[in-house]
Amino acid sequence: MTITKELISPEIIESAYTYEQYVDLVEKLLNEDKTTGENHSESMLHYTRMNLYRMKRHDKHVELTDSLKRKLQNLDRDMVWLVLTEGWCGDAAQNIPVINKMAEATPKITLRLILRDEQLDIMDDFLTDGKSRSIPKLICLDANSFEVIGTWGPRPETAQKMTLEIKGMEGASKKEAAERLHKWYADNESRELQQEFEQLLDHLYD
């Protein structure tokens, strides 16, 4: 069953970033010793530098599976994929470049990105487990009606379980958690992400 979120208007989509504009924004801000949002501490700048590197690396090296490409190329519904993100978010840097590759594979998908902290009213309609403003969060919209027909995020299921387990471990540091998570991303090479999007595409027609 589809639902409509009135907060997501054509004006929001029109003012949102393309993927290329988003990457350019992150790079421009870094050149000014800033990141997206209000926290421009050295640690946040460090995360953002790493994320820019990750995005550019994925842009060069990510390959979609043949089965996912077939599903994308056989779509017969125009969609907008709207993603809530921030430049300092490591999960966003690992996943959004792959999502962009999916959008590039079909004329049926328009990918747009908005900054979470500038759109908290939208974010709060799509909380993870009803409580967390976790990103990236993808909202799949019918391009004509703006009905919400699917969502994804903030990370593949295995990575999400790992993140929750680490958070529940006494004495686990943020650095250790990030290292384990990004090692998983490197080892997995977007396979689980692509599998989840194959399932998402199948469910769009349920």
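Structure's up top.
These notes cover the structure that comes with them. (Residues numbered from 1 in each chain as written. Predicted model: local features only at pLDDT ≥ 70, side-chain atom pairs only at ≥ 80, totals over all residues. Heavy atoms only, no water.)

**Quick look at the packing of aromatic side chains**
Alright, step 1. The full count for this structure, using the stated rule, is three aromatic pairs.
Alright, step 2. With centroids separated by 5.4 Å and ring planes inclined at 50 degrees, the aromatic side chains of Trp 81 and Phe 197 adopt a geometry described as tilted. Of this pair, Trp 81 sits in strand S2 (residues 79–85) while Phe 197 is found in helix H9 (residues 191–203), placing the two residues 116 residues apart along the sequence.
Alright, step 3. Judged by relative accessible area, which is 0%, Trp 81 ranks as buried.
Alright, step 4. What makes Phe 197 buried here is its relative accessible area of 0%.
Alright, step 5. With a centroid separation of 5.4 Å and an interplanar angle of 45 degrees, the aromatic rings of Trp 152 and Phe 197 are classed as tilted. Residue Trp 152 is found in strand S5 (residues 147–152), and its partner Phe 197 is found in helix H9; the two are separated by 45 residues along the sequence.
Alright, step 6. Pairwise contacts between aromatic rings join Trp 81, Trp 152 and Phe 197 into one cluster. (Phe/Tyr/Trp six-rings, centres within 6.5 Å; stacked < 30°, edge-to-face > 60°. Helix = DSSP H or I, 4+ residues; strand = E, 2+ residues; numbered from the N terminus. Buried < 20%, exposed > 50% of the residue type's maximum accessible area, 1.4 Å probe, protein only.)

**Re the side chain of Asn 188**
Alright, step 1. In this fold, Asn 188 is placed in helix H8 (residues 174–188).
Alright, step 2. Exposure remark for Asn 188: the relative accessible area of 13% places this residue in the buried category.
Alright, step 3. Polar side-chain contacts of Asn 188 include one of 3.1 Å to the backbone nitrogen of Arg 191. (Polar contact = N/O pair within 3.5 Å; in protein donor to acceptor, adjacent residues only side chain to side chain.)

**Some details on helix H2 (residues 19–31)**
Every α-helical turn comprises 3.6 residues, leaving residues that sit three or four positions apart pointing alike.
Alright, step 1. With 13 residues, H2 extends 19 Å between its outermost C-alpha atoms, agreeing within 8% with the 18 Å of an ideal straight helix rising 1.5 Å per residue.
Alright, step 2. Contact partners of the buried residues in H2: helix H3 (42–61), S2, helix H5 (90–104) and strand S3 (109–115). (Expected span 1.5 Å × (residues − 1). Contact = heavy atoms within 4.5 Å.)

**Topic: unusual backbone geometry**
Alright, step 1. In this structure, Pro 136 follows Ile 135 across a cis peptide bond, with omega equal to 5 degrees.
Alright, step 2. By the element assignment, Pro 136 lies in the loop between helix H6 (120–123) and strand S4 (137–142).
Alright, step 3. Positive phi values are uncommon outside glycine, yet Phe 146 reaches one of about 65 degrees.
Alright, step 4. Counting through the fold element by element, Phe 146 comes out in the loop between S4 and S5.
Alright, step 5. One non-glycine residue, Ser 190, lies in the positive phi region at around 70 degrees.
Alright, step 6. By the element assignment, Ser 190 lies in the loop between H8 and H9.
Alright, step 7. We classify Ser 190 as buried; its relative accessible area is 13%.

Any functional reading would require information beyond the geometric quantities listed.
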